[in-house]
Amino acid sequence: MKTLYAKPHRMFAVDKNYSLKLISLRHETGLKYRECPETRLGWQSDRMATLIRAANACEQFHRVTRLQQIGNVLARRFSNKPWGAFYLSLSALDRKQYSQSLWMIELALKKAPNVGLLTYQRGRVLLAMGNLALANQAFRSAAQESPELVDAHLYLAELNERDQNYSHAIVQLKDVIAYEPRNSAAWANLGEIYVLQHETADATEAYQHAVNINPDNLQYQLRLAHLYEASKNEKAALNAYERVQELVENSRVPANQIDVNLDRKISELKKATEPATKTPHTPQGGST
């Protein structure tokens, strides 16, 4: 069976929010740059929760030196907790000091075994070191230990897609959606799996969710337009392509980034959706 499109999008290329190069701290929202301390002093006696939030801000804004300092304070003041070693693992990974990062996350796991976020960090380190087998095992364990850790599920979905284990990839993506129903990237990636399986109706439904959540995403809109066209829903395809054209004009996207001639496509669909003009009937044999 032929693929639906001449230029199918690569799975997980539609959104760059999910990258194993960055740690995801989904329990922390609204972090601000200033929450990572500007100076070395004045914060070291803060309570643990405040220090952890500060460390999360430092990681998010790539302030590795301050992150390491906070990790050292957490390790010294709360030696029975895993968080000092965890943040020291993060800072070492940011510096590409992989052996040090692995040693620190192993120490954190000794203090708190079977904690999904810690196991996930171990997977990230192993992945950076090129140990794919152990990294994949760590991500699977992280997803089992903390089902709400959506980044682990996203990694496993990508892994299963690569290995053409599409049913498993669908399960992982649906797990993400169960915890984050407004995760447009997860819906779009689910749509891509259905495209690979030539399940146009399911792919269309998934991309409808993605577009409803993120209506300004050009790639989602274009993909949905392709899907409507593939399913012969010309009216919906026309509306979708017109929305794509609007987004292109507003964002000034170069024409070579669009794999279709929008003006021609819209013109063709307008003709296809126009009511057929009836030809006047002339009675045979003249007038009576």
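Scroll up a little and you will see the structure.
Presented here is a report on the structure given in the accompanying data block.

Parameters at a glance
- Residues numbered from 1 in each chain as written.
- Predicted model: local features only at pLDDT ≥ 70, side-chain atom pairs only at ≥ 80, totals over all residues.
- Heavy atoms only, no water.
- Helix = DSSP H or I, 4+ residues; strand = E, 2+ residues; numbered from the N terminus.
- Contact = heavy atoms within 4.5 Å.
- Core = buried A, V, L, I, M, F, W, Y, C linked by side-chain atoms within 4.5 Å.
- Buried < 20%, exposed > 50% of the residue type's maximum accessible area, 1.4 Å probe, protein only.
- Expected span 1.5 Å × (residues − 1).
- Polar contact = N/O pair within 3.5 Å; in protein donor to acceptor, adjacent residues only side chain to side chain.
- Axes fitted to C-alpha atoms, helices over the stretch in contact; angles between N-to-C directions.
- Parallel < 35°, antiparallel > 145°, perpendicular 65-115°, else oblique.
- Left-handed = near helix turned anticlockwise from the far one by under 90°.
- Nonpolar A, V, L, I, M, F, W, Y, C, P; charged D, E, K, R; others polar.
- Phe/Tyr/Trp six-rings, centres within 6.5 Å; stacked < 30°, edge-to-face > 60°.

## What to know about the overall build of the chain
Then comes step 1: Helix and strand counts for the chain stand at 13 helices and zero strands.
Then comes step 2: Listing the helices and strands of the chain from first to last along the sequence gives α-α-α-α-α-α-α-α-α-α-α-α-α.
Then comes step 3: Across the chain, the fraction of contacts at a sequence separation of at least 24, relative to all contacts at a separation of at least 6, is 56%.

## Brief notes about the nonpolar core
Then comes step 1: Counting residues in hydrophobic clusters, the biggest one holds 43 residues, and the most contacted among them are Trp187, Leu190, Tyr207, Tyr220, Tyr241, Ile258 and Leu262.
Then comes step 2: Those elements that place two or more of their residues in this core are helix H7 (150-162), helix H8 (166-179), helix H9 (184-196), helix H10 (200-213), helix H11 (218-230), helix H12 (234-251) and helix H13 (262-273).
Then comes step 3: Setting aside residues no more than four positions away along its own chain, tyrosine 241 makes contact with Leu222, Ala225, His226, Glu229, Val260, Leu262, Lys265, Ile266 and Leu269.
Then comes step 4: In terms of nonpolar packing, the next biggest core, distinct from the first, is built from 40 residues, Phe78, Ala85, Ala142 and Tyr155 among them.

## Side note on H9
Along an α-helix, residues three or four positions apart point the same way, because every turn accommodates 3.6 residues.
Then comes step 1: A rise of 1.5 Å per residue sets the reference length of H9, with its 13 residues, at 18 Å; its end C-alpha atoms lie 19 Å apart and thus fit the reference within 8%.
Then comes step 2: With twelve of 13 residues buried, H9 is to be regarded as a mostly interior element.
Then comes step 3: Turning to H9, its buried residues are Ser184, Ala185, Ala186, Trp187, Ala188, Asn189, Leu190, Gly191, Glu192, Ile193, Tyr194 and Val195.
Then comes step 4: Put simply, asparagine 183 is the residue that caps the front of H9, since its side-chain oxygen is 3.2 Å from the backbone nitrogen of alanine 185.
Then comes step 5: Two residues or fewer after H9 comes histidine 198, characterised by a positive phi angle close to 60 degrees.

## Considering the packing of H9 against H10
Two packed helices can be described by the angle between their axes and the distance between those axes.
Then comes step 1: Viewed as axis vectors pointing N to C, H9 and H10 meet at an angle of 160 degrees, and their least axial separation amounts to 8 Å. Between H9 and H10, the angle is such that the two are roughly antiparallel. Our pair here, H9 against H10, has a crossing hand that is left-handed. Residues Ser184, Trp187, Ala188, Leu190, Gly191, Glu192, Tyr194 and Val195 of H9 touch H10, and the partners they reach there are Asp202, Ala203, Ala206, Tyr207, His209, Ala210 and Ile213.
Then comes step 2: Along the lines of polarity and charge, the residues of the contact of H9 with H10 split into ten nonpolar, three polar and two charged.

## Topic: the packing of aromatic side chains
Then comes step 1: Counted according to the given criterion, the structure contains six aromatic pairs.
Then comes step 2: For the ring pair tryptophan 83 and phenylalanine 86, a centre distance of 5.7 Å and an interplane angle of 85 degrees mean the geometry is edge-to-face. Residue tryptophan 83 and its partner phenylalanine 86 are both found in helix H3 (residues 83-94); the two are separated by three residues, about one turn of the helix.
Then comes step 3: Taken together, a centroid distance of 4.1 Å and an interplanar angle of 40 degrees make the contact between phenylalanine 139 and tyrosine 155 tilted. Of this pair, phenylalanine 139 sits in helix H6 (residues 132-145) while tyrosine 155 sits in helix H7, placing them 16 residues apart in sequence.
Then comes step 4: Using a relative accessible area of 0% as the deciding quantity, one classes phenylalanine 139 as buried.
Then comes step 5: The exposure class assigned to tyrosine 155 is buried, which follows from its relative accessible area of 11%.
Then comes step 6: Members of the aromatic cluster, joined through ring pairs, are Trp83, Phe86 and Tyr87.

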